[in-house]
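Below are the chains, spelled out letter by letter.
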Amino acid sequence: MADQITTLEELGAVAGVETAAEELAPREPVRDELGRSYATGKRKDAVARVWIKPGSGKVEVNGKEMKAYFARPVLQMILRQPFTVAGVEDQFDVYATVKGGGLSGQAGAVKHGISKALQLYDPSLRGALKAAGFLTRDSRVVERKKFGRRKARRSFQFSKR
């Protein structure tokens with residue numbers, strides 16, 4: 001045995017790996033030629049395609065105003081959450097198309113898409129959005145019905161006679 005490796009730096013030098021002191025490359029903004037960022041959001045069975053660009057805070061979903069498409073105030077609040085967490089209220093216009101699922105799932109899908117598009121447009125917002133949990137897809141979906149049962153888990157009514 002000629003040389004013995006006693007530290008991680010020596011091991012890294014032998015393996016040809018850069019040390020941790022090397023800075024990671026900062027994330028670059030992702031925008032198209034029109035200055036928009038695009039992302040896909042999902043929730044339950046709903047899929048939303050979302051484009052954001054700097055503007056006055058107008059939100060359009062499937063060609064309608066947000067207040068016309070999502071009439072319930074709770075759903076409107078869900079759509080505004082990423083902007084309030086990132087601290088950029090009324091600074092971006094949103095254009096979204098959403099398909100599948102119900103209104104609640106669609107609102108969650110648009111929220112997910114807005115969050116992903118915001119962090120692509122301005123990577124400095126990623127920390128706040130990730131800490132709030134908006135960049136993670138909510139994977140909970142309806143459980144399928146099983147045979148021999150009334151629903152997914154509910155059994156048929158037991159009859160003794």
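So, here's what we can say about the structure. (Residues numbered from 1 in each chain as written. Predicted model: local features only at pLDDT ≥ 70, side-chain atom pairs only at ≥ 80, totals over all residues. Heavy atoms only, no water.)

Attention now moves to helix 3 (residues 73–86). Spanning 14 residues, helix 3 covers 20 Å between terminal C-alpha atoms, matching the ideal 20 Å at 1.5 Å per step. Taken together, the buried positions of helix 3 are Leu75, Gln76, Ile78, Leu79, Pro82, Phe83 and Ala86. Tucked inside the fold, the buried residues of helix 3 contact strand 3 (59–61), helix 2 (66–69), strand 5 (92–99), helix 4 (103–121) and helix 5 (126–131). Phi turns positive, to about 75°, at Gly87, one or two residues after helix 3. (Helix = DSSP H or I, 4+ residues; strand = E, 2+ residues; numbered from the N terminus. Expected span 1.5 Å × (residues − 1). Buried < 20%, exposed > 50% of the residue type's maximum accessible area, 1.4 Å probe, protein only. Contact = heavy atoms within 4.5 Å.)

Following both chains from N to C, one finds helix 3 and helix 4 inclined at 10°, their axes separated by 8 Å at the closest point. Here helix 4 runs roughly parallel to helix 3, going by the angle between their axes. Of helix 4, the residues touching helix 3 (which contributes Leu75, Ile78, Leu79, Gln81, Pro82 and Phe83) are Leu103, Ser104, Ala107, Gly108, Val110, Lys111, Ile114, Ser115 and Leu118. (Axes fitted to C-alpha atoms, helices over the stretch in contact; angles between N-to-C directions. Parallel < 35°, antiparallel > 145°, perpendicular 65-115°, else oblique.)

Here Ser37 shows up in strand 1 (residues 37–43). For Ser37, a relative accessible area of 1% puts it in the buried group. Of note is the side chain of Ser37, whose polar atom sits 3.4 Å from the backbone nitrogen of Tyr121. (Polar contact = N/O pair within 3.5 Å; in protein donor to acceptor, adjacent residues only side chain to side chain.)

Moving on, we get to the nonpolar core. Grouped together as the largest cluster of nonpolar side chains are 31 residues, with contacts concentrated most on Ile52, Phe70, Leu79 and Leu118. Those elements giving two or more residues to this core turn out to be strand 2 (46–54), strand 3, helix 2, helix 3, strand 5 and helix 4. Broken down by element, this core gets its largest block of residues, 7 residues, from helix 4. Contact partners of Phe70, with chain neighbours within four places excluded, come to Val61, Leu75, Gln76, Leu79, Leu103, Gln106 and Ala107. (Core = buried A, V, L, I, M, F, W, Y, C linked by side-chain atoms within 4.5 Å.)

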